[in-house]
Amino acid sequence: HVSTQEAYASLSPQPALYDLPNLVKEAQPSTWRHALHNDFEESVFEIFPEISELKELLYQRGAQYASMSGSGASVYGFFENSPELNDLPQHYRVWCQKI
């Protein structure tokens, strides 16, 4: 759990580098890693490094793009193929949907 108050207390919003609707419509998820950034991640990852580690784990398992959702603590990833995530701790919830 990430306290919304804690997440907002250290937030340092940055100007958008890309027009989000156009990027999502025109670029592949594999290019989003260096283009899209959740401003909450910097401060939340300092307080909860395990969330950052989970995001990196998704990339290690083949995610084309991964991010923390909103102010945390959920992390999601887009995969081209179903990832192997059965070895995650039992308190993690994994949901996969093929689109």
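Heads up: the structure comes first, above all this text.
Rules used throughout
Residues numbered from 1 in each chain as written. Predicted model: local features only at pLDDT ≥ 70, side-chain atom pairs only at ≥ 80, totals over all residues. Heavy atoms only, no water. Helix = DSSP H or I, 4+ residues; strand = E, 2+ residues; numbered from the N terminus. Pairing = 2+ DSSP bridges. Buried < 20%, exposed > 50% of the residue type's maximum accessible area, 1.4 Å probe, protein only. Polar contact = N/O pair within 3.5 Å; in protein donor to acceptor, adjacent residues only side chain to side chain. Contact = heavy atoms within 4.5 Å. Core = buried A, V, L, I, M, F, W, Y, C linked by side-chain atoms within 4.5 Å. Salt bridge = Lys/Arg side-chain N within 4 Å of Asp/Glu carboxyl O. 1 Å grid on protein atoms, 1.4 Å probe; cavity = no way out; pocket = protein on both sides within 12 Å on 5 of 7 lines; lining within 4 Å. Points joined across faces, edges and corners; volume = space filled by probe spheres on them. Nonpolar A, V, L, I, M, F, W, Y, C, P; charged D, E, K, R; others polar.

1. Regarding unusual backbone geometry
Omega for the bond connecting Gly72 with Ala73 falls within 30 degrees of zero, at 10°, which places this linkage in the cis form. Tracing the sequence through the fold places Ala73 in the loop between strand S1 (63-68) and strand S2 (75-79).

2. Side note on the pairing of S2
Where S1 and S2 come together, five bridges link them in antiparallel fashion. By the bridge assignment, Ser67 is partnered in S2 with Tyr76. Linkage of S1 to S2, two consecutive antiparallel strands, is achieved through a turn of six residues, within which Gly70 is found at a positive phi near 55°.

3. A look at the side chain of Glu41
Mapped onto the fold, Glu41 is located in helix H3 (residues 40-47). Overall, the relative accessible area of 3% leaves Glu41 in the buried class. For Glu41, the side chain forms a polar contact with the main-chain nitrogen of Met68, separated by 2.8 Å. Sequence-distant contacts of Glu41, that is, excluding residues within four places in its chain, are made with Lys55, Ser67 and Met68.

4. Overview of the nonpolar core
In this structure, Val2, Leu23, Trp32, Val44, Ile51, Leu58 and Met68 are the most contacted members of the largest nonpolar core, which totals 23 residues. Listed by contribution, the elements that provide at least two residues to this core are H3, helix H4 (49-60) and S1. Among all residues touching Leu58, those that are not within four sequence positions of it are Ala63, Ala66, Val75, Tyr76, Gly77, Phe79 and Leu85.

5. Considerations on the pattern of salt bridges
Pairing between side chains of opposite charge can happen when their charged atoms approach one another. Scanning the model with the defined rule gives three salt bridges in all. Note that Asp87 and Arg61 form a salt bridge whose closest N and O atoms lie 3.0 Å from each other. Of this pair, Asp87 sits in the segment after S2 while Arg61 sits in the loop between H4 and S1, and the two are 26 residues apart along the sequence. Taking the relative accessible area as the measure of exposure, Asp87 reaches 54% and is therefore exposed.

6. Points about the layout of surface pockets
If you add up the space inside the largest pocket, you get close to 1100 Å³. In terms of lining residues, the largest pocket is bounded by 31 residues, among which Val75, Tyr76, Gly77, Phe79 and Trp95 are the most central. Listed by contribution, the elements that provide at least two residues to the lining of the largest pocket are H4 and S2. Considering every element that reaches the lining of the largest pocket, the biggest residue donor is S2, with five residues. Partitioned by chemical class, the residues of the lining of the largest pocket number 19 nonpolar, eight polar and four charged. Of the pockets and cavities examined, the second largest pocket occupies roughly 320 Å³. Lining the second largest pocket are 14 residues, and of these Ala16, Leu17, Ala35, Leu36 and His37 sit closest to its centre. It is S1 that contributes the most residues to the lining of the second largest pocket, three residues altogether.

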